[in-house]
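If you want the building blocks of each chain, they are given just below.
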Amino acid sequence: MAASAELAGGGVEEAQAEVNPRILEPGASPFGNFPHYSRFHPPEQRLCLLPPELLRRLFPPEGPEKRPILGLDVGCNSGDLSVALYKHFLSLRDGENCSDASRELRLLCCDIDPVLVERAEKECPFPDALTFITLDFMNEKTRKILLSSFLSQFGRSVFDIGFCMSITMWIHLNHGDHGLWEFLAHLSSLCHYLLVEPQPWKCYRAAARRFRKLGLRNFDHFHSLTIRGDMANQIVQILTQDHGMELVCCFGNTSWDRSLLLFRAKYTIEAHPIPESLIEEKERNRLRF
Ligand SMILES: C[S@@+](CC[C@H](N)C(=O)[O-])C[C@H]1O[C@@H](n2cnc3c(N)ncnc32)[C@H](O)[C@@H]1O
């Protein structure tokens, strides 16, 4: 398939790799660990769909106690989206620092690729607010140690919100149906809210085809996946039916046909009802999913 057709169809990273196969070197980015991911999937395409006041609405300040909002960004790549999310939710302009110290936002950003994490650390303009760590999120032992060590600094056991942007396909291709199910289980037990941007099925086909063509690696699991088709809907089903979350709203689709879905843990956050302003959106989406 021509690269432009893939771009139009949403297989952005796959298309880019066809344009310039050297982007894949070394090791063909088997985890989606593309060195310049944000150049071809810019953060702005996602941010423009997200209300900047979202976190303030989800976590209104309570009394004099000023707990920071804690976020987890899984699969942060070289941190461009993490930094952009931080600025977006604090409404910071370029070069500006956090002006609203009353509502601190702290992000723990992790990625499996140490080279990307090193770059993220070096280039981050907000080193006090964003922490970057190398972590294979599927490694239970390391995950528990690193995440609890971060959370315990704040006396917490869970994150307020998790960001899971364009990573589900890579987990699915590398770990199979069960791996995807477990990934979503861990995230839902770790976060009160979860923002997920699933890759659509056409990206899976393109990724498998590209690896096959390059003769570099074929995904062990691709042909045996039974969770397939409408991936956004599949992920909604898993999170809502198996992992005790509810779909709060869909913020729409990016130009590459990836939806931005916000979920909320049903049982752990009685203290944080869904804001009125998101309920209308939720009702609309009940019809869609
Ligand atoms: C396609 S990029 C998405 C980057 C960023 N979230 C965004 O949307 O701009 C997927 C990222 O997930 C990371 N990743 C894949 N499997 C992972 C795992 N098991 N643990 C942690 N990170 C992983 C990859 O290294 C890659 O940087």
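Residues numbered from 1 in each chain as written. Predicted model: local features only at pLDDT ≥ 70, side-chain atom pairs only at ≥ 80, totals over all residues. Heavy atoms only, no water.

Draft legend 1. The site of the ligand, seen in detail. Neighbouring residues of the ligand: 20 residues in total, closest Arg46, Gly75, Asp111, Asp136 and Met165. The separation between an oxygen atom of the ligand and a polar side-chain atom of Arg46 is 2.9 Å. A distance of 3.2 Å is found between a nitrogen atom of the ligand and a backbone nitrogen or oxygen belonging to Ile112. The fraction of the free accessible surface of the ligand (600 Å²) that becomes covered by protein chains is 98%. (Near = heavy atom within 4 Å. Polar contact = N/O pair within 3.5 Å; in protein donor to acceptor, adjacent residues only side chain to side chain. Areas by Shrake-Rupley, 256 points an atom, 1.4 Å probe, with all protein chains shown as cover.)

Draft legend 2. Quick peek at the packing of helix 9 (residues 168–190) against helix 10 (residues 201–213). Close contact between helix 9 and helix 10 brings their axes to 11 Å; oriented N to C, the two are set at 55 degrees. Accordingly, the angle class assigned to the pair helix 9 and helix 10 is oblique. Between helix 9 and helix 10 lies a crossing of right-handed hand. On helix 10, the residues touching Thr168, Met169, Trp170, His172 and Leu173 of helix 9 are Cys203, Tyr204, Ala207, Arg210 and Phe211. By residue class, the composition of the contact of helix 9 with helix 10 is seven nonpolar, two polar and one charged. (Axes fitted to C-alpha atoms, helices over the stretch in contact; angles between N-to-C directions. Helix = DSSP H or I, 4+ residues; strand = E, 2+ residues; numbered from the N terminus. Parallel < 35°, antiparallel > 145°, perpendicular 65-115°, else oblique. Left-handed = near helix turned anticlockwise from the far one by under 90°. Contact = heavy atoms within 4.5 Å. Nonpolar A, V, L, I, M, F, W, Y, C, P; charged D, E, K, R; others polar.)

Draft legend 3. Region of the structure containing the side chain of Asp73. Mapping Asp73 onto the fold places it in strand 1 (residues 69–74). Here the side chain of Asp73 touches Ser82 through a polar contact of 2.7 Å, side chain to side chain. Those residues in contact with Asp73 that lie beyond four places of it in its chain are Ser82, Leu108, Cys109, Cys110 and Phe163.

Draft legend 4. Fine view of the side chain of Asp177. With respect to the secondary-structure elements, Asp177 resides in helix 9. One buried charged residue, Asp177, forms no salt bridge at all, with the nearest opposite charge on Arg228 at 7.3 Å. A polar atom in the side chain of Asp177 sits 2.6 Å from the side chain of Thr226. With near-sequence residues (within four places) excluded, Asp177 lies in contact with His172, Ser224, Leu225, Thr226 and Ile227. (Buried < 20%, exposed > 50% of the residue type's maximum accessible area, 1.4 Å probe, protein only. Lys, Arg positive; Asp, Glu negative; His and termini not counted. Salt bridge = Lys/Arg side-chain N within 4 Å of Asp/Glu carboxyl O.)

Draft legend 5. Quick peek at the packing of helix 9 against helix 11 (residues 231–242). Contact geometry for helix 9 and helix 11: axes closest at 9 Å, N-to-C directions at 35 degrees. Regarding helix 9 and helix 11, the two cross each other, and that crossing is right-handed. Of the residues in helix 11, those touching helix 9 at Thr168, His172, Leu180, Trp181, Leu184 and Ser188 are Met231, Ile235, Ile238, Leu239 and Asp242. Taken together, the residues of the contact of helix 9 with helix 11 break down into seven nonpolar, three polar and one charged.

Draft legend 6. Spatial organisation of the environment of Ser152. Relative to the helices and strands, Ser152 resides in helix 8 (residues 140–152). Within the structure, Ser152 has its side chain in polar contact with the backbone oxygen of Ser149 (distance 3.0 Å).

Draft legend 7. Representation of the nonpolar core in the model. Among the nonpolar cores identified, the biggest contains 52 residues, and Leu72, Phe137, Phe159, Phe183 and Phe263 are the most heavily contacted of them. The biggest single contributor to this core is helix 9, with nine residues. Setting aside its immediate chain neighbours within four residues, Leu72 contacts Leu108, Phe137, Leu147, Phe159, Ile161, Gly162, Phe163, Leu187 and Cys191. Phe89, Ala129, Leu195 and Leu262 belong to the second largest nonpolar core, which has 36 residues in total. (Core = buried A, V, L, I, M, F, W, Y, C linked by side-chain atoms within 4.5 Å.)

Draft legend 8. Examining the packing of aromatic side chains more closely. Within this structure, the stated rule accounts for twelve aromatic pairs. Ring centres of Phe34 and Tyr37 lie 6.3 Å apart, and the angle between their planes is 20 degrees; on these two criteria the pair is classed as stacked. Both residues of the pair, Phe34 and Tyr37, count as buried. On the numbers, 5.6 Å between centres and 85 degrees between planes, the contact of Phe59 with Tyr193 is edge-to-face. Separated by 134 residues along the polypeptide, Phe59 in the loop between helix 5 (54–58) and strand 1 and Tyr193 in strand 5 (residues 191–197) bring together distant segments of the chain. (Phe/Tyr/Trp six-rings, centres within 6.5 Å; stacked < 30°, edge-to-face > 60°.)

Honestly, it's all geometry; don't read function into it.
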